[in-house]
Amino acid sequence: MSEPQYEAPDYEAVIIGAGVCGLYQMHRLQEMGMRATVLEAAGDLGGTWRQNRYPGARFDSESVSYGYSFSKDLLAEWNWSERFAGRAETERYLHHVADRFDLRLHIQFNRTVTAATWDEARHRWSVTLADGETLTTRYLLTAIGMLSTPTLPRYKGVDSFEGLSFHTYHAPAEPVDYTGKRVAVIGTGATGVQVISELADNVGDLTVFQRRPNWCAPLHNAPIGPEEMATLKASYDEIFAACRESGGGFIHQPDHRKTFEVPQVERLAFWEKLYATPGFAKWVGNFGDVSFDAAANAEYSAFIAGKIRQRVKDPVLAEKLIPTDHGFGTRRVPLETRYYEAYNRDTVHLVDVNETPIVEITPTGVKTSDKDYAFDIIIYATGFDAITGAFDRIAFTGVGGQTLKDKWADIPATAYGVMTHGFPNLVTLAGPQSASVASNFPRAIEDIVDWWSGFLADLRARGLTRVEAKQATEDAWVSHLQAITDSLLLSKAKSWFTGYNGNLDRAYKNRYLIYVGGGPRYREKLGREVDTGYAGFDLA
Ligand code: NA7
């Protein structure tokens, strides 16, 4: 009996999302001559760098380490204006990339994917859009962002405020005049810290509502002049080589000595140097044991606490800004520019919502257990339903009618963060448990997209139309990931890394969302699949 013949699907590949990841994947598919398209919910490309128009949004990764590395011509022609570029510059960069590589031709804007259902008989996904249209594709590739589902607090009255209010992810596109305004910022994660640092000098009065402080450290941004840019361009090979060597894809390398093996004077001098170094050096360029040895971590945290005490004049306020529930680097470290100094201004106030909880948002401002605050603007820097939130918004249905939301309700189990058993031909680029989450994003994304593109070329060459992660591959990945995570102090700190978000109806437990085993080990694992002919996957 012969196999039934089906018409070809509309596309060989559909990518969801036109941000950093989706653009690069589209470029690779275009090179491969694939019939592919990108479906983007927004009216233009850029993803994160289009959305987060809040004041102060910028890189914490060195600009030169963040750009794509795949094209020498692109590297040669693009000039970054600052060590850590601002949001608008990055958005311009992504537009430049899209224009230069003719990617716009393949992007459909204002196309929101609401559901995707696997068709086992035809080896294809049926993708439903918000406008009711349905299209089919052999492979479905998600590039939907890790932090693209913002969460608002569940305070009463959030909708009742009569001034301007917004979540940082939905900051207005048109410029906001903050001059003389009474502004509230709720939340002190990496986003809130950027907003507060930027606004402190530019508003009438700024009130920060803090639940838990984070360990923040100086960014040390600076302009890049033409001469420096020329030097940097000549060093791109070394820059990207350094990123490949480091666990997180940054230019900073860890120091392999142990904290207490280094005499105290030398240790302090080293930490002073780190503190003065731009970027994430103070996080990922430190002694490695600070991430897993509690005593080493406490020593370094005490050093950073000393810096905060030096920078904040009011000693009572300084203590409020020093975390006591987690050590340095066990949650995302916000990088800042004069953040702590902001609190030395008479016009900047800190409200600790543990002491005086927010009771409700009122038409005129914020009511705490203590008093009514009047504001012109309220900015919610209250974070995201991180990593799986964007997946939960799309009704993915796999083999046998299983939904991805159900499968991932507890832990989002995957093979290498790129595929999940029961959902053939669904490739979660930048998905949970991939290296992209705990990394300088484009560095990990280029690795993952390149690996998958090679896999895809192989499948096409062999005339195969179905790929699915084996259950055993997934089980092995999850236990490997759990073992590494559990060995680190960050596994015990509640943050979006571990799936904490108090604004959701979800009891907290570590959901093992991120791969912290480092880029080199991640690439090695992916490389082993290539060497074994993708033995971890069922192919048909
Ligand atoms: P984060 O890091 O999740 O931070 C959210 C902040 O908002 C954090 O300080 C929260 O306090 C605070 N928060 C959340 N809900 C509330 C309520 N209801 N009341 C008071 N405070 C609240 O998100 P970000 O946007 O700052 O950063 C996300 C990532 O984007 C960042 O790591 C970069 O990689 C880019 P909590 O700590 O939960 O007590």
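That block above? That's the structure.
Rules behind the numbers
- In this convention, every chain numbers its residues from 1, walking through the sequence in written order.
- Residues qualify for local features only when their pLDDT is at least 70, as the model is predicted, and side-chain atom pairs are given and counted only at 80 or more; totals for whole chains, interfaces and linings, by contrast, use all residues.
- Here the side-chain values reflect all heavy atoms present in the structure, with hydrogen atoms and water set aside.
- In this text, helices come from DSSP runs of H or I with a minimum length of four residues, and strands from runs of E with a minimum of two, each type numbered from the N-terminal end.
- Throughout, a contact is declared for two residues whenever any of their heavy atoms are within 4.5 Å.
- Here a cavity denotes a set of grid points, spaced 1 Å apart and computed over the protein atoms alone, in which a 1.4 Å probe fits but from which it cannot get out, and a pocket denotes an open set meeting protein on both sides within 12 Å along at least five of seven lines; residues with an atom within 4 Å of a point are reported as lining.
- Grid points are joined across faces, edges and corners, and a volume is the space filled by probe spheres set on the points.
- Lys, Arg, Asp and Glu make up the charged group, whereas Ala, Val, Leu, Ile, Met, Phe, Trp, Tyr, Cys and Pro make up the nonpolar group; the residues left over, Gly among them, are polar.
- Note on pairing: two strands pair once DSSP finds at least 2 bridges between them.
- Helix axes use the C-alpha atoms of the stretch in contact, all axes being lines fitted to C-alpha atoms, and the angles between their N-to-C directions lie in the range 0 to 180 degrees.
- Think of it in three bands: residues with accessible area under 20% of the maximum for their type are buried, residues over 50% are exposed, and the middle band is partly exposed, with areas taken using a 1.4 Å probe on protein chains only.
- A crossover gets the label right-handed when its path from the first strand over the helix to the second runs clockwise, viewed with the strands pointing away from the viewer.

**Some details on the environment of Leu-74**
1) Next: Considering the arrangement of structural elements, one finds Leu-74 in helix 4 (residues 72–77).
2) Next: Residues Leu-74 and Arg-104 lie 30 residues apart in sequence; the distance between their C-alpha atoms is 17 Å.
3) Next: Not counting chain neighbours up to four residues away, the residues in contact with Leu-74 comprise Tyr-68, Tyr-93, His-96, Val-97, Arg-100 and Phe-101.

**Let's talk about empty space enclosed by the protein**
1) Next: Evaluated as defined, the whole model comprises two cavities of 30 Å³ or more.
2) Next: In this model, the largest cavity occupies a volume close to 50 Å³.
3) Next: Val-64, Gly-67, Tyr-68, Leu-74, Leu-75, Trp-78, Trp-80, Tyr-93 and Tyr-236 are the residues that line the largest cavity.
4) Next: Residue classes in the lining of the largest cavity are distributed as eight nonpolar, one polar and no charged.

**Here we look at the sheet that holds strand 14 (residues 365–368)**
1) Next: Overall, antiparallel pairing links the three strands, which are arranged 13-14-15 in an open sheet. One side of each edge strand has no neighbouring strand; the edge strands of this open sheet are strand 13 (358–362) and strand 15 (372–374). On average, adjacent strands in this sheet sit at an angle of 20° to one another, irrespective of strand direction.
2) Next: Bridge count for strand 13 against strand 14 is four bridges, and the pairing is antiparallel. Across the sheet, Thr-362 pairs through a bridge with Gly-365, a residue of strand 14.

**With respect to the pairing of strand 9 (residues 205–210)**
1) Next: Judged by how many residues are buried, strand 9 sits mostly within the fold: five of six residues are covered.
2) Next: Once the chain exits strand 8 (residues 182–186) it traverses helix 6 (residues 190–199) before rejoining the sheet at strand 9, and the crossover so formed is right-handed.
3) Next: Of the strand pairs in this sheet, strand 9 and strand 12 (residues 348–352) are connected by five bridges, and their pairing is parallel. Bridging across to strand 12, Phe-209 finds its partner in Val-351.

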